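Residues per chain, in single letters:
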Amino acid sequence: MTITMIGHKGIPARSGGIERHVEELSAGLVRLGARVISFDRAWYVGNAPSPVGVTRRFSYGLRTKHLDAITHTLSALVLAMKDRPDVVHVHGVGPSLLLPMARVLHPKARVISTFHCVDRTHAKWGFVARLLLRLGEWCACTFAHRTIAVSDALAAYCLDVYECQPAVVPNGVCVPEDVSAASLTAFGVEPKRYFLMATRLVPHKNVHIAMEAHALFAKRNPHLAASYPLLVAGGSSWTDDYANELRAWSAQSHTRLVGEQHGDTLAALQAHAACHLSVSSSEGMSIALLEALAHARPAIVSDIPENTELTGDLAPAVPVGDVRSLSYAMEYMAFMNDAERDALGTSLRNRIRDRHDWNRIAEATYDVYRENPGTGFRSRAVRRMAV
């Protein structure tokens, strides 16, 4: 089976949950014997080699905030014609705007769309972009032979709004081995003595809310807050003005913006944090949160269903945008001793270990590819990944 992956920026992932999803899913599908072709953007992957077993093709487009994704998706769909894929798998609701074209250009292929997030709710988009993203949602739920949602909450959204029942195949995570803390010295922190947000600097991720909460925590308990600084690992995504505002504010607080981190350095930051924060207003299913839990670290989350689906009652869930509640949750975590936080982190890792294994996710996705296409534009049969 030949599968083309389209709509992501490229693999291996440097940042972005969709890119990490495509990277790990592609590797799993290769292990199952599939031929996987990834259409990557040269500006994103640079000189990084393609993951083992995955064939790389370059798409072409206009690198601007509004045109990058759609133009690269268009060229990828056209270029993929020479590979005659059995499956055209489009990731994200923006690229899914072109699913009608995918059906025309690849009439013999099974066209799949993964619904990763309700992107139109993100603050960086203007009115016209939000309308187009809403249209992309409709296309994802209408023109794909099968729609995949990465969480139960997204599946419920698709059913309620578009009368489409997606297959639910969640994001996954690799449960890591022991990770060295040696690289933490570059950031001036000690293991289990800092809060971490691993996220892009975009408004809906609510980095500014976390910074305000930490500042409020510092007003109540300055010594404890200074002992547990907030580190933010991530870069902007067409949001330089917002990122610059955060940098200006961080100079007056205990927050440190450490930039985009990758590989062993990012793993060290994640594995040795006292606690992770995932307090965004909107998610599909946060891979950064999954990675935190896989490292057996505790977390504080916003109370959106996409987060609490992962953490259950094992992590404090604070109302979206509630600075005061978040500040008290951070203080509560800082007051806990290492053994208490370790025990909580272990419980969270055990909760997500089985359902979010990438090998099982690749198998479930492969099953979706092989489903009977049914009739009409979409098949509405209910299917969930086995838990």
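Preceding this section is the structure that the text describes.
Residues numbered from 1 in each chain as written. Predicted model: local features only at pLDDT ≥ 70, side-chain atom pairs only at ≥ 80, totals over all residues. Heavy atoms only, no water.

## Some points on the overall build of the protein chain
For the protein chain, the count of helices and strands is 15 helices and 14 strands. Its C-alpha atoms give the protein chain a radius of gyration of 21 Å, within 12% of the compact-globule value 21 Å for 387 residues. With the principal axes as the frame, the protein chain shows a C-alpha extent of 65 × 40 × 40 Å. Taking all 387 residues of the protein chain together, the buried fraction comes to 56%. Nonlocal contacts in the protein chain, meaning residues at least 24 apart in sequence, comprise 72% of its contacts between residues at least 6 apart. Total accessible area computed for the protein chain in this model is approximately 15,700 Å², and 54% of it derives from carbon and sulfur atoms. (Helix = DSSP H or I, 4+ residues; strand = E, 2+ residues; numbered from the N terminus. Rg over C-alpha atoms; globule rule 2.2 N^0.38 Å. Buried < 20%, exposed > 50% of the residue type's maximum accessible area, 1.4 Å probe, protein only. Contact = heavy atoms within 4.5 Å. Areas by Shrake-Rupley, 256 points an atom, 1.4 Å probe, with all protein chains shown as cover.)

## Topic: the pairing of strand 12 (residues 299-302)
Burial of the side chains of strand 12 extends over both faces: Ala-299 and Val-301 are buried on one face and Ile-300 and Ser-302 on the other. Relative to strand 12, strand 11 (residues 275-278) is paired through 3 bridges, and the arrangement is parallel. Bridge assignment links His-276 to a residue of strand 12, and that residue is Ala-299. For the handedness criterion, the β-α-β arrangement of strand 11, helix 11 (residues 287-294) and strand 12 is classed as right-handed. Note: strand 12 against strand 13 (residues 317-318), 2 bridges, orientation parallel. Across the sheet, the residue bridging to Ser-302 is Val-318, located in strand 13. Following the backbone out of strand 12, through helix 12 (residues 305-311) and into the adjacent parallel strand 13, one traces a crossover that is right-handed. (Pairing = 2+ DSSP bridges. Right-handed = clockwise from strand over helix to strand, strands pointing away.)

## What about helix 11?
Burial runs high along helix 11: 7 of the 8 residues are buried. Within the sequence span of helix 11, burial applies to Ile-287, Leu-289, Leu-290, Glu-291, Ala-292, Leu-293 and Ala-294. For helix 11, the capping residue at the N-terminal end is Ser-286, with a side-chain oxygen 3.4 Å from the backbone nitrogen of Ala-288. Looking one or two residues past helix 11, Ala-296 carries a phi angle of roughly 60°, positive in sign. (Polar contact = N/O pair within 3.5 Å; in protein donor to acceptor, adjacent residues only side chain to side chain.)

## Here we look at unusual backbone geometry
Cis geometry marks the peptide bond from Ile-11 to Pro-12, where omega comes out at 10°. With respect to the helices and strands, the residue Pro-12 is situated in the loop between strand 1 (2-6) and helix 1 (17-31). Backbone geometry at Arg-84 places phi at a positive 45°, although glycine is not the residue there. One non-glycine residue, Glu-163, adopts positive backbone phi at about 55°. Its location among the elements puts Glu-163 in the loop between helix 6 (152-162) and strand 7 (167-168). Exposure remark for Glu-163: the relative accessible area of 53% places this residue in the exposed category.

## What to know about the packing of helix 5 (residues 127-142) against helix 6
When two helices pack together, their arrangement is captured by the angle between the axes and the distance separating the axes. Contact geometry of helix 5 with helix 6 gives a least axis separation of 11 Å together with a crossing angle of 95°. Here helix 6 runs roughly perpendicular to helix 5, going by the angle between their axes. Residues Arg-134, Glu-137, Trp-138 and Cys-141 of helix 5 touch helix 6, and the partners they reach there are Tyr-157, Cys-158, Val-161 and Tyr-162. Across the contact of helix 5 with helix 6, the residue classes break down as 6 nonpolar, no polar and 2 charged. (Axes fitted to C-alpha atoms, helices over the stretch in contact; angles between N-to-C directions. Parallel < 35°, antiparallel > 145°, perpendicular 65-115°, else oblique. Nonpolar A, V, L, I, M, F, W, Y, C, P; charged D, E, K, R; others polar.)

## Here's the deal with the packing of aromatic side chains
Taken as a whole and judged by the stated rule, the model has 5 aromatic pairs. Between Trp-43 and Tyr-44, the ring centres sit 5.9 Å apart and the planes meet at 90°, which makes this aromatic pair edge-to-face. When its relative accessible area of 25% is taken as the criterion, Trp-43 is described as partly exposed. Measuring from ring centre to ring centre gives 5.4 Å for Trp-138 and Phe-143, while their planes differ by 85°; the resulting arrangement is edge-to-face. Here Phe-143 falls in the buried class, since its relative accessible area comes to 14%. Among the aromatic residues, those joined into a cluster by ring pairs are Phe-115, Tyr-157 and Tyr-162. Sitting over the ring of Tyr-328, Arg-220 keeps its end group 3.8 Å from the ring centre. (Phe/Tyr/Trp six-rings, centres within 6.5 Å; stacked < 30°, edge-to-face > 60°. Lys NZ or Arg CZ within 6 Å of the ring centre and 35° of its normal.)

## With respect to the side chain of Ser-59
Counting through the fold element by element, Ser-59 comes out in the loop between strand 3 (54-58) and helix 3 (68-79). Taking relative accessible area as the criterion, Ser-59 reaches 5% and is therefore assigned buried. A polar contact is formed between the side chain of Ser-59 and the side chain of His-72, at a distance of 2.9 Å. Sequence-distant contacts of Ser-59, defined by excluding residues within four places in its chain, comprise Phe-39, Asp-40, Arg-41, His-72, Ser-75, Ala-76 and Leu-79.

## Considerations on the state of the cysteines
Counting across every chain of the model gives 0 disulfides. Here Cys-139 is not cross-linked by a disulfide; its sulfur's nearest cysteine counterpart is in Cys-141, at 9.6 Å. For Cys-139, a relative accessible area of 4% translates into the label buried. (Disulfide = S-S within 2.5 Å.)

## Some remarks on the sheet that holds strand 10 (residues 255-257)
One open sheet accounts for 6 strands, arranged 10-9-8-11-12-13; its pairing is parallel. The two strands at the open ends of the sheet, each matched to only one other strand, are strand 10 and strand 13. Across 3 bridges, strand 9 (residues 230-233) lies against strand 10 in parallel orientation. Paired with Leu-231 across the strands is Arg-256, a residue of strand 10. Strands strand 8 (195-198), strand 11, strand 12 and strand 13 of the sheet are contacted by helix 13 (residues 323-335), whose axis makes an angle of about 165° with strand 12.

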